[in-house]
Amino acid sequence: SLALEATVTEVVVTGLTDGASYAFGIAAHTLHGLGPSARTGMVKLPYVPSSPLGVTASADAASVWVRWAPPEDDGGSPLLAFHVTALPGGERRTVDPRVTSLEFTGLEAGASHAFTVSAENAVGEGVASKPSETIVVPSSVDGSGR
């Protein structure tokens, strides 16, 4: 319960749990006592997005491509980015949330890698996807990806 000045028309409530649902009530307190309470509807707080789906990796003569589908659940908040990580090594690339494929450059030729993808919204970064299949970086790819 918070007591606020009569001129206050909004308040930020902290310490709530991501993904939990809340309703809020507000009542005026006058010299004659506490008035009737007005209630909000239930509000569900956003939470981190679920994992992207269907992550695949492929290599052609000159490139390594990682592709994925967006997560089924954005956590109740628009996606801000996807993060693509090469395994092993943990090299990571971040892309716009409208992108669902990435030419992953800068990998050592002949090395084997799998890839995971995670999604991020305003609450934070969700759990990484299941790894893609392992691919071998083409020998024609140098450190610049060309």
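Refer to the structure above for everything that follows.
What you see is a predicted model; the values in this text were computed from it and never measured. In this numbering scheme, every chain counts its residues from 1 along its sequence in written order. For this predicted model, a pLDDT threshold of at least 70 governs which residues receive local features, and a threshold of 80 or more governs which side-chain atom pairs are given and counted, while totals over whole chains, interfaces and linings are taken from all residues. To obtain the side-chain values, all non-hydrogen atoms of the structure were included, while hydrogens and water were left out.

Draft legend 1. Expanded view of the layout of surface pockets. Cavities and pockets are defined on a 1 Å grid built over the protein atoms alone: a cavity is a set of grid points where a 1.4 Å probe fits but cannot escape, while a pocket is an open set with protein on both sides within 12 Å along at least five of seven lines, and lining residues are those with an atom within 4 Å of any such point. Grid points are joined across faces, edges and corners, and a volume is the space filled by probe spheres set on the points. Within this model, the largest pocket holds a volume of roughly 770 Å³. As for the largest pocket, its lining consists of 19 residues, of which Leu2, Leu4, Gly25, Ile26 and Ala27 are closest to the centre. Per-class residue counts for the lining of the largest pocket are 12 nonpolar, five polar and two charged. Amino acids are sorted into nonpolar (Ala, Val, Leu, Ile, Met, Phe, Trp, Tyr, Cys and Pro), charged (Asp, Glu, Lys and Arg) and polar (every other residue, Gly among them).

Draft legend 2. Representation of the packing of aromatic side chains within the structure. Stacked, edge-to-face and tilted labels apply to pairs of Phe, Tyr and Trp rings (six-membered ring for Trp) whose centres lie within 6.5 Å, assigned for plane angles under 30 degrees, over 60, and everything in between, in that order. Applying the stated rule across the entire model yields three aromatic pairs. On the basis of an interplanar angle of 65° and a centroid distance of 5.5 Å, the ring pair of Trp68 and Phe82 is categorised as edge-to-face. In this pair, Trp68 sits in strand 8 (residues 64–69) while Phe82 sits in strand 9 (residues 79–87), placing the two residues 14 residues apart along the sequence. Side by side, Trp68 and Phe82 carry an identical accessibility label, which is buried. Taken together, a centroid distance of 5.2 Å and an interplanar angle of 50° make the contact between Phe104 and Phe115 tilted. Taken together, the positions of Phe104 in the loop between strand 11 (101–103) and strand 12 (112–121) and Phe115 in strand 12 put the pair 11 residues apart, joining distant regions of the chain. Only DSSP runs of H or I with at least four residues qualify as helices, and only runs of E with at least two residues qualify as strands; both kinds are numbered from the N terminus onward. With a 1.4 Å probe rolled over the protein chains alone, any residue whose accessible area is under 20% of its type maximum counts as buried; one over 50% counts as exposed, and the rest are partly exposed.

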